[in-house]
Amino acid sequence: MKGGLTISRRVTRSTTTLDRNSLTLPVEVVTEILSRLPSKSIARCHCVCKLWSSVIRSQDFTELFLTKSCARRPQLLFACEGRSEIHFFSSPQPENLEDNSYVVATNHIARSPRYYKLFGCTNGFFCYGAERILKGWNNRWIVTVICNPSTGQSLTLPRLKTRIRVEAESYLGYDPIAKQFKVLSACDDGKEFHVLTLGTKKLSWRLVECCIRHYSSGKWICISGVLYYIAKEIRYSVESMVVCFDLRTEKFSFVNLLRRFNRSPSTTLTNYNGRLGFLMSSEDYYVTRSCKRFELWVLRDVAKHEWSRHVYVLPPVWKGVVEDRLDIAGMVGVDEIVLTPCFQRVSSCVIYYNVKSKTIREVGIQGMEAFQGKRLNTYLNYVENVKFL
């Protein structure tokens, strides 16, 4: 029946009796019911009938589910690297932390095969590079894959056709005004940059102009419709700029990095109350018990290249808490720095350092013991998105 869903109660009498026991639900009610289901169930429900499929694939339903997902407690997304697969786990970020509290990371939401390099996560979608073999073992190519851990879907993007054979770094961004996902691909020759819009009938790369040749470092973040990544003007020099790519206008702008930035491989780009933040430790690579402080630089004005600096000195108890090498995952709000293990261990913990109260809390990770010793990447503020690729 058009405009509604007909549900019949099973009876053992005649067909006439069955028709009298039928009930039609308005599409709005069906939409509300479906929006309350887990994301995995929604992925299955779109195969039930044409009406359900059209409801689930509609823009209104996608936005409704995403709004509800954002209203719930934000989640941690764990991407565990296997031999040739990425395994995704999710768990709610803890609130009102207490000593010896635990995150039970048993929600194994998806796996994606044949990965080559992880790029990152934006608005519920994950982006990585996969190796493809074309016409024989001697012709290998890296393609970009977009996957949705919530639904288990993945989409391999068309191979990037460049003037010369080069590899590329891909960045996934979301434009909240146009409500579009876009992928920016930066070739490692520093000259060519391409953009692809997801959700179009024919996926194709478009060449975009950039007035400054630059080489990406691979560290990036998307904030309010702008992709930010660290880059250098000379390939083998230190990073000297932040590249800002506006997803709506598809235009580049650049912000100079201050010389007194103590940049290191441990530096993480973070969302600091809607502004770009550079969070780094006093150590070069991983964060260990020897770390003495964290330093945060916040981009206050893009046009004027103005930054503000914050220094957070760690309390003495830090040395007694940290046992393994840690990565800086980012910040929750403006008060808590989150550190996560580089590799999965039986006793792995996520560490929260509150910069205001100077308190340290450990949250144990459980449920990923099968991936002992594997590389572990953690992403904060993950939201479930049921948009279909």
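Residues numbered from 1 in each chain as written. Predicted model: local features only at pLDDT ≥ 70, side-chain atom pairs only at ≥ 80, totals over all residues. Heavy atoms only, no water.

The name given to the protein chain in an unreviewed UniProt entry is F-box domain-containing protein, and the organism recorded there is Brassica campestris.

Here we take up the packing of helix 2 (residues 27–35) against helix 4 (residues 50–57). Axis separation between helix 2 and helix 4 bottoms out at 10 Å; the angle between their running directions is 70 degrees. Accordingly, the angle class assigned to the pair helix 2 and helix 4 is roughly perpendicular. The chirality of how helix 2 crosses helix 4 is right-handed. Residues V27, V30, T31 and L34 of helix 2 form the contact with helix 4, whose participating residues are L51, W52, V55 and I56. (Axes fitted to C-alpha atoms, helices over the stretch in contact; angles between N-to-C directions. Helix = DSSP H or I, 4+ residues; strand = E, 2+ residues; numbered from the N terminus. Parallel < 35°, antiparallel > 145°, perpendicular 65-115°, else oblique. Left-handed = near helix turned anticlockwise from the far one by under 90°. Contact = heavy atoms within 4.5 Å.)

What follows deals with empty space enclosed by the protein. Where empty space is left becomes clear once a probe the size of a water molecule has been rolled over the atoms. Here the structure, examined in full by the defined rule, presents one cavity of 30 Å³ or more. As for the largest cavity, its lining consists of Q59, T62, E63, L66, N123, Y174, K179, F181, N385 and K387. When residues of the lining of the largest cavity are assigned to their parent elements, the largest contribution, four residues, is made by helix 5 (residues 59–71). For the lining of the largest cavity, the residue count by class is three nonpolar, four polar and three charged. (1 Å grid on protein atoms, 1.4 Å probe; cavity = no way out; pocket = protein on both sides within 12 Å on 5 of 7 lines; lining within 4 Å. Points joined across faces, edges and corners; volume = space filled by probe spheres on them. Nonpolar A, V, L, I, M, F, W, Y, C, P; charged D, E, K, R; others polar.)

Enumeration according to the criterion identifies 13 aromatic pairs in this entry. Ring centres of F61 and F65 lie 6.4 Å apart, and the angle between their planes is 35 degrees; on these two criteria the pair is classed as tilted. You can see F61 and its partner F65 sitting in helix 5, four residues apart, about one turn around the helix. Taking relative accessible area as the criterion, F61 reaches 0% and is therefore assigned buried. Residue class for F65 comes out buried when judged on its relative accessible area of 1%. Ring geometry for F294 against W318: centres 6.1 Å apart, planes inclined by 85 degrees, an arrangement best described as edge-to-face. Taken together, the residues span a long stretch of sequence, with F294 in strand 21 (residues 293–301) and W318 in helix 6 (residues 318–321) at a distance of 24 residues. Comparing F294 with W318, the two get one shared label, buried. In textbook terms, an aromatic cluster arises when at least three aromatic residues are bridged by ring pairs, as seen for F193, F245, F252 and F254. Over the aromatic face of F388 sits the side chain of R57, whose NZ or CZ is 4.7 Å from the ring centroid. (Phe/Tyr/Trp six-rings, centres within 6.5 Å; stacked < 30°, edge-to-face > 60°. Buried < 20%, exposed > 50% of the residue type's maximum accessible area, 1.4 Å probe, protein only. Lys NZ or Arg CZ within 6 Å of the ring centre and 35° of its normal.)

What follows is about helix 2. Where helix 2 is concerned, the buried positions are V30, T31, L34 and S35. All buried residues of helix 2 project into a common sector of 130 degrees when viewed along the axis, lining one side. (Arc of directions from axis to C-beta.)

Evaluation of the coordinates by the stated rule reveals zero disulfides. Take C49: it sits in no disulfide, and the sulfur closest to it among the cysteines is that of C45, at 9.2 Å. Judged by relative accessible area, which is 27%, C49 ranks as partly exposed. (Disulfide = S-S within 2.5 Å.)

With respect to burial, strand 27 (residues 376–382) is a largely interior element, six of its seven residues being buried. By the bridge criterion, five bridges tie strand 3 (residues 75–81) to strand 27 in an arrangement that is antiparallel. Counted as the bridge partner of Q75 is Y382 from strand 27. (Pairing = 2+ DSSP bridges.)

The subject of this paragraph is the pattern of salt bridges. In the structure shown here, the tally under the stated rule is 11 salt bridges. Note that E32 is salt-bridged to R36, the shortest N-O span being 3.0 Å. On the accessibility criterion, E32 (29% relative accessible area) is partly exposed. R36 gets classed as exposed once you look at its relative accessible area, which sits at 63%. Between E169 and K117 there is a salt bridge whose closest N-O contact spans 2.9 Å. Here E169, found in strand 11 (residues 168–175), pairs with K117, found in strand 7 (residues 117–122); they are 52 residues apart in sequence, far enough to count as distant. Residue K117 is classed as partly exposed on the basis of its relative accessible area of 36%. One salt-bridge network, in which partners are shared between bridges, spans E32, R36 and K68. (Salt bridge = Lys/Arg side-chain N within 4 Å of Asp/Glu carboxyl O.)

One number sums up the size of the second largest pocket: a volume of about 300 Å³. If you list the elements that add at least two residues to the lining of the second largest pocket, you get strand 7, strand 11, strand 12 (180–187) and strand 15 (215–223). Across the lining of the second largest pocket, the residue classes tally to seven nonpolar, two polar and six charged.

The next point concerns the packing of helix 2 against helix 5. Axis angle and axis distance: for two packed helices, these are the angle between their axes and the distance between the axes, and together they describe the pair. Two elements in contact, helix 2 and helix 5, have axes separated by 10 Å at closest approach and are oriented at 40 degrees. In terms of axis orientation, helix 2 runs oblique to helix 5. The element helix 2 and its partner helix 5 pack so that their crossing is right-handed. The segment helix 2 lies against helix 5, with T31, E32, L34 and S35 engaging F61, L64, F65 and K68. Of the residues that constitute the contact of helix 2 with helix 5, the class distribution is four nonpolar, two polar and two charged.

Where a protein is soluble and globular, its nonpolar side chains tend to be buried together. Grouped together as the largest cluster of nonpolar side chains are 31 residues, with contacts concentrated most on I146, L172, L184, L198, L227, Y229 and F252. Of all the secondary-structure elements, those providing two or more residues to this core are strand 8 (125–133), strand 11, strand 12, strand 13 (193–197), strand 15, strand 16 (226–232), strand 17 (241–246) and strand 18 (251–256). Top element by residues in this core is strand 12. It accounts for five residues. One finds L314, I328, I337 and V355 within the second-largest nonpolar core, a separate group that totals 21 residues. (Core = buried A, V, L, I, M, F, W, Y, C linked by side-chain atoms within 4.5 Å.)

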